[in-house]
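# Coordinate analysis (summary)
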Amino acid sequence: MALQALQSSGVGLRKILSHFPEELSLAFAYGSGVYRQAGANSNQKDAMLDFVFTVDNPVAWHSKNLKKNWNHYSFLKVFGPKIITTVQNNYGAGVYYNTLIMCDGRLIKYGVISTSTLIEDLLNWNNLYIAGRLQKPVKIIAMSENVALRSALDKNLKSAVTAAFLMLPESFSEEDLFIEIAGLSYSGDFRMVVGEDKTKVLNIVKPNIAHFRELYGNILQENPQVVYKIQQGRLEIDKSPEGQFTQLMTLPKSLQQRINHIMDPPGKNRDVEETLLQVAHDPDCGEVVRLGLSAIVRPSSMRQSTKGIFTAGIKKSVIYSSLKLHKMWKGWLRKTS
């Protein structure tokens, strides 16, 4: 499995993990605190460490975590683990974040998501929120032997490659591909307009080409629709209508449905396969896929950010938003200087 290449041996990350309940099916760290980024996020020592914890039983996990880390939670903690889990599962993108936490001398943020919700997102791209983070290099700190989860993690990477292929020309570089992949989960994200550095995707990819290659190399070599010239760092794909139709038919279900909704005229009620066949012949096939991605990401990112006000609390939300705006301002100054 491709993700195994990114297993972390970082003692510091495992030490932070020891402060939390152990019942995790997956734990990973991501972002500028783990992988060097260009631009405003280039100083890893000052960057907040971002974690995601995947748990089979959120109520039981939050119950234990409240006993160990009561001060991590906002006012919602007074309602108990069942309400916290309800907020986690039923609002936003199915993840509950505690942010601006001091742990072992580092500022951290951690999200909690149920294993079943993550598997659904990895397979179908219902929200493309945590699935999107797992399309970029991450440090896996802990992973159970959950076969369904491991299979879904691999499928998510293959889906990311397919979606990127549909938005690229017939011939392109590895960097072009990795930029498309890294940008999938930012398509239509309102935070890219307010709060994030506009060059964020480029800053993620450029210093980490080797990590992206490690994550996707085997998938690209085994894909029958691509010629992967490893030495030159170039790729060629089948852009015929037949080739694009094959790719469209393997996209995650939610993205197929969004494309169908965009392309299906009122009253027609065509099935998804018929719509995808039409899109495969459309010169703007890539743009249609991009619109479908935006239709998934935009509402998901807005709901999750609104939810953050309650899960983090107003004070922390203001501080966190200010930090994001400061990074965006630094990025803009760097670009214009």
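Look up a bit, the structure's there.
The structure reproduced in this document is the subject of the present report.

Calculation notes
Residues numbered from 1 in each chain as written. Predicted model: local features only at pLDDT ≥ 70, side-chain atom pairs only at ≥ 80, totals over all residues. Heavy atoms only, no water. Helix = DSSP H or I, 4+ residues; strand = E, 2+ residues; numbered from the N terminus. Buried < 20%, exposed > 50% of the residue type's maximum accessible area, 1.4 Å probe, protein only. Contact = heavy atoms within 4.5 Å. Polar contact = N/O pair within 3.5 Å; in protein donor to acceptor, adjacent residues only side chain to side chain. Core = buried A, V, L, I, M, F, W, Y, C linked by side-chain atoms within 4.5 Å. Pairing = 2+ DSSP bridges. Axes fitted to C-alpha atoms, helices over the stretch in contact; angles between N-to-C directions. Parallel < 35°, antiparallel > 145°, perpendicular 65-115°, else oblique. Left-handed = near helix turned anticlockwise from the far one by under 90°. Nonpolar A, V, L, I, M, F, W, Y, C, P; charged D, E, K, R; others polar. Phe/Tyr/Trp six-rings, centres within 6.5 Å; stacked < 30°, edge-to-face > 60°. Salt bridge = Lys/Arg side-chain N within 4 Å of Asp/Glu carboxyl O.

## Here's the deal with the environment of Ser171
Residue position: Ser171 is located in strand 6 (residues 171-173). Judged by relative accessible area, Ser171 falls into the partly exposed class, the value being 35%. Placed 64 residues apart in sequence, Ser171 and Leu235 show a C-alpha to C-alpha distance of 5.8 Å. Beyond its immediate chain neighbours, meaning those up to four positions away, Ser171 contacts Arg234, Leu235 and Glu236. At 3.0 Å, the side chain of Ser171 forms a polar contact with the side chain of Arg234.

## So, the nonpolar core
Residues Phe28, Ile130, Leu177, Tyr216, Leu248 and Ile259 are the most contacted members of the largest nonpolar core, which totals 67 residues. Broken down by element, the residue count for this core peaks at ten residues, all from helix 6 (residues 147-166). Apart from the residues lying within four places of it in its own chain, the contact partners of Leu248 are Leu166, Gln256, Ile259, Leu276, Val279, Ala280, Cys285 and Val289. By size, the runner-up hydrophobic cluster in this structure holds 26 residues, among which are Trp61, Leu66, Val87 and Cys103.

## Some thoughts on the sheet that holds strand 5 (residues 139-143)
In space, the five strands of this open sheet follow the order 3-4-2-1-5, with mixed pairing throughout. Edge positions in the sheet fall to strand 3 (95-103) and strand 5, since each has one partner strand and no second. When the angles between neighbouring strand axes are averaged without regard to direction, this sheet yields 20 degrees. Note that strand 2 (residues 49-55) and strand 4 (residues 106-114) share seven bridges and pair parallel. Directly across from Phe53, in strand 4, lies its bridge partner Val112. Taken strand by strand, helix 4 (residues 115-124) contacts strand 1 (26-30), strand 2 and strand 4, and its axis lies near 85 degrees from that of strand 4.

## Quick word on the packing of helix 4 against helix 6
As a packed pair, helix 4 and helix 6 sit with axes 8 Å apart at the nearest point and diverge in direction by 30 degrees. Judged by the angle between their axes, helix 4 and helix 6 are roughly parallel. Seen from above, helix 4 lies across helix 6 with left-handed handedness. Between helix 4 and helix 6, the residues in contact are Thr115, Leu118, Ile119, Leu122 and Leu123 and Ala148, Leu149, Ala152, Leu153, Lys155 and Asn156, respectively. A per-class count over the contact of helix 4 with helix 6 returns eight nonpolar, two polar and one charged.

## Focus: the sheet that holds strand 7 (residues 226-229)
The strand order across the open sheet formed by three strands is 6-8-7, and the pairing between neighbours is antiparallel. With partners counted over all chains shown, the strands left at the sheet margins are strand 6 and strand 7, one partner each. Taken pair by pair, the neighbouring strands of this sheet meet at an average axis angle of 20 degrees, ignoring direction. Strand direction decides the pairing type here: strand 7 and strand 8 (residues 234-237), joined by four bridges, are antiparallel. In the strand pairing of strand 8, Lys229 is matched with Arg234. In the packing of helix 9 (residues 209-222) onto the sheet, the strands contacted are strand 7 and strand 8, and the crossing angle to strand 7 comes to about 130 degrees.

## Details of the packing of aromatic side chains
Scanning the model with the defined rule gives ten aromatic pairs in all. Look at Phe178 and Phe212: their rings are 5.4 Å apart centre to centre, the planes differ by 25 degrees, and that puts the pair in the stacked class. Taken as a pair, Phe178 in helix 7 (residues 174-183) and Phe212 in helix 9 lie far apart in primary sequence, 34 residues in all. Judged by its relative accessible area of 0%, Phe178 is buried. Clustering of aromatic rings is evident, with ring pairs tying together Phe20, Phe51, Phe53, Trp61 and Tyr110.

## What to know about the pattern of salt bridges
Considering all chains together, one arrives at ten salt bridges under this definition. In this structure, the salt-bridge partner of Lys158 is Asp154, at a minimum N-O distance of 3.8 Å. With Lys158 and Asp154 both in helix 6 and four residues apart, this pair spans about one turn of that helix. Ionic contacts of the salt-bridge type, sharing partners, join the residues Glu180, Glu287 and Arg290 into one network.

## Let's talk about the side chain of Arg270
Position of Arg270 among the secondary structure elements: in the loop between helix 11 (253-263) and helix 12 (272-280). Within the local environment of Arg270, its side chain forms a polar contact with the side chain of Gln278, the two groups lying 2.7 Å apart. Ignoring any residue separated from it by four or fewer positions in sequence, one finds Arg270 in contact with Asn260, Met263, Asp264, Pro265, Thr275 and Gln278.

## Some words on the packing of helix 6 against helix 9
Think of two packed helices as two axes; the pair is described by the angle between the axes and how far apart they sit. In contact at an axis separation of 10 Å, helix 6 and helix 9 are set at 75 degrees when each is read in the N-to-C sense. Considered as vectors, helix 6 and helix 9 are oriented roughly perpendicular to each other. Residues Asp154, Leu157, Lys158, Ala160, Val161 and Phe165 of helix 6 form the contact with helix 9, whose participating residues are Leu215, Tyr216, Ile219 and Leu220.

## Some details on unusual backbone geometry
At Leu100, a residue that is not glycine, the phi angle is positive and equals roughly 55 degrees. Inspection of the secondary structure assignment puts Leu100 in strand 3. The residue Trp125 is not glycine, and still its phi comes out positive at about 60 degrees. With respect to the element layout, Trp125 can be found in the loop between helix 4 and helix 5 (130-133). For Trp125, a relative accessible area of 0% gives the class buried.

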